[in-house]
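Chain by chain, the residues:
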Amino acid sequence: MELNEELTAQQSLDLITKTLNNSRRDITRDGGKYFILWGILLAVFSLIVYALWKSTGRAEWNFLWFAMPLVGYPLSAALKKRSESVPDNLVSELISKTWRIFAVFAISVSALIMLSSFLIKDKLAGMFLSVSITPSILMLFGISESFSGILLKSPIVIAGGLVVGIGGLLVYYLSGLLVEQMLIFTFAGIVLALTGVLMKNQKN
Amino acid sequence: MFPKLDPLLHSELRLAVMSILSDVKSADFTFLKKQTGATAGNLSVQIDKLSAAGYITVEKGFKGKMPCTTCRITESGAEAFRKYVEALKSYISQK
C-alpha cells in the first residue's frame, strides 16, 4: 500500500471497511488456537478422569480436573509467546473475558463443592460431588460458548453452546449415569476445539 | 456544502493505519505492516506524521530481546477519524 492522495469518498470508505474486516478476521483467527488448545485439554482430561474413575470406582479422581488449568495456562502462555503479536479488539477481549469468568466460576464452584464433600466425609460424598458439579459446569459452559457464538456472529457456535448446555444437561439427567457423564465433557471439548477451527478458518 | 476532508487522513496508508487502530487498544508495528502491506520505511514515515499530529501515540520498547514499536490511537485521533468518516458519508449521500 503506497501513498495515494487521489482517493474518492467511496474508495476511502471501501478502504476503511476492507482494512477493518481484514484486521478483525486476523484477530479472530488468532484467537482460534486457544479454543483448540483448551478444547483438546478438556477432551483429554475428561477421558483420563473417565478411565480412572471407571477402573477404580473412585470419584476422587475428579480432583484431577484442577490440574487442567495448571497445564493449560502455561501452554497458552507459551503459545502466545511463540506466535506473532496480534492485538485485542472489543470482540476478542469480550470472548477472552467470558471464558476467564467461566474459569473462575468453574474452578471456585468445583473447589467449594469438592472440598466440602471431602471435609464432611459423607457416605454419599462421591455421589454428591458428581451430582452437584456437572450440571453447573455444563450450564456455565453452554452460556460461555453461546455468548462466544453471538460475538463471533456464528450460529454454529451458538448452537454448539446450546447443545452442550441444554443437551448435555438432558443427557445427564436422563441417563442418571455417574462415570459416563465425563463423556459429556469430552463432547464439550470437541465442540470447543471445533469452535477454534471455525475461528481459524473464518472468512471476511 | 461538503465538509472538508482531513488531509492527514485522506491518504491510503495513513487511513488504513487509523482504521486498524480505531478498532484495537494498541497494535505493534509488525501487525500494522502485515495488515497494510506497506514497506517498513513508508509505514514508519506515515506513523511519524500521525504521531506528530497527535492522532496516535508511539511507544518504543522491547518484547523479549526484540525491539517493539506499539501504536495507540489518541482521543483526538479517534475524534478526527470519526469526523472523517462522517464527512465521507455526507459526500456519498449528497451525490
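Quick note: structure is the one above.
Residues numbered from 1 in each chain as written. Chains lettered and ligands numbered in written order. Predicted model: local features only at pLDDT ≥ 70, side-chain atom pairs only at ≥ 80, totals over all residues.

Participant: Explanation requested: the overall build of chain B in the structure shown.
Facilitator: Within chain B one finds four helices and three strands. The order of α-helices and β-strands along chain B, N terminus first, is α-β-α-α-β-β-α. C-alpha atoms of chain B, sized along the principal axes, occupy 55 × 25 × 20 Å. Taking all 95 residues of chain B together, 33% fall into the buried category. Within chain B, contacts between residues at least 6 apart in sequence are counted, and of these 53% link residues at least 24 apart. (Helix = DSSP H or I, 4+ residues; strand = E, 2+ residues; numbered from the N terminus. Buried ≥ 20, exposed ≤ 12 C-beta atoms within 10 Å, placed from the backbone. Contact = placed C-beta atoms within 7 Å.)

Participant: How should I be thinking about the packing of helix 1 (residues 9-56) of chain A against helix 1 (residues 12-23) of chain B in this particular structure?
Facilitator: What describes two packed helices is the angle between their axes and the distance between those same axes. Running from N to C, helix 1 of chain A and helix 1 of chain B cross one another at 45°; their axes reach a closest spacing of 9 Å. By the criterion of interaxial angle, the relationship of helix 1 of chain A to helix 1 of chain B is oblique. In this structure, helix 1 of chain A meets helix 1 of chain B at a crossing whose hand is right-handed. Here helix 1 of chain A contributes Ser12, Leu15, Ile16, Thr19, Leu20, Ser23 and Arg24 of chain A to the contact with helix 1 of chain B, which in turn contributes Glu12, Leu15, Ala16, Ser19, Ile20 and Asp23 of chain B. Here the residues of the contact of helix 1 of chain A with helix 1 of chain B sort into six nonpolar, four polar and three charged. (Axes fitted to C-alpha atoms, helices over the stretch in contact; angles between N-to-C directions. Parallel < 35°, antiparallel > 145°, perpendicular 65-115°, else oblique. Left-handed = near helix turned anticlockwise from the far one by under 90°. Nonpolar A, V, L, I, M, F, W, Y, C, P; charged D, E, K, R; others polar.)

Participant: Mind showing me how you'd approach unusual backbone geometry here?
Facilitator: For residues other than glycine, phi is negative in most cases, and the peptide bonds are mostly trans. Even without being a glycine, Lys153 of chain A presents a positive backbone phi close to 55°. Residue position: Lys153 of chain A is located in the loop between helix 4 (125-152) and helix 5 (155-175).

Participant: How should the pairing of strand 3 (residues 66-73) of chain B be read in this particular structure?
Facilitator: Residues and elements named next belong to chain B. With two bridges connecting them, strand 1 (residues 27-28) and strand 3 associate as antiparallel partners. Its bridge partner being in strand 3, Ala27 is matched across the sheet by Cys71. Relative to strand 3, strand 2 (residues 56-63) runs antiparallel, the two being bridged by eight bridges. Of the residues in strand 3, the one forming a bridge with Thr57 is Arg72. (Pairing = 2+ DSSP bridges.)

Participant: I keep staring at the interface of chain A and chain B and nothing clicks. Help me out?
Facilitator: Put simply, an interface is often sized by how much accessible area is lost when its parts join up. With 23 residues of chain A at the interface, the matching set in chain B holds 26 residues. Taken together, the residues of the side of chain A that touches chain B break down into 10 nonpolar, eight polar and five charged.

Participant: Help me understand helix 1 of chain A, please; the structure alone is not making it clear to me.
Facilitator: One full turn of an α-helix is made of 3.6 residues, so residues set three or four places apart face in the same direction. Here helix 1 of chain A spans 70 Å end to end across 48 residues, near enough to the 70 Å set by a 1.5 Å rise per residue. Backbone geometry just downstream of helix 1 of chain A places Gly57 of chain A in the positive-phi region, at approximately 75°. (Expected span 1.5 Å × (residues − 1).)

Participant: Any chance you could explain helix 3 (residues 40-52) of chain B here in plain terms?
Facilitator: All names here are of chain B. The first and last C-alpha atoms of helix 3 sit 18 Å apart over 13 residues, in line with the 18 Å expected at 1.5 Å per residue. Residues of helix 3 that are buried include every one of Leu43, Gln46, Ile47 and Leu50, and no others. For helix 3, the angular spread of the buried residues around the axis is 105°, confining them to a single face. Across from the buried face of helix 3, at angles greater than 90 degrees, the exposed residues are Gly41, Asp48 and Ala52. Tucked into the core, helix 3 has its buried residues touching helix 1, helix 2 (29-36), strand 2 and strand 3. Phi turns positive, to about 80°, at Gly54, one or two residues after helix 3. (Arc of directions from axis to C-beta.)

Participant: How should the sheet that holds strand 1 of chain B be read in this particular structure?
Facilitator: By definition, the strands of a sheet pair up through backbone hydrogen bonds, in either a parallel or an antiparallel sense. Residue and element names in this part refer to chain B. Spatially, three strands are ordered 1-3-2 in an open sheet, and the strand pairing comes out antiparallel. The sheet terminates laterally at strand 1 and strand 2, the two strands that pair on one side only. Helix 1 contacts strand 1, strand 2 and strand 3 of the sheet and is inclined by roughly 85° relative to strand 3. Across the face of the sheet, helix 3 comes into contact with strand 2 and strand 3 while running at roughly 125° to strand 2.

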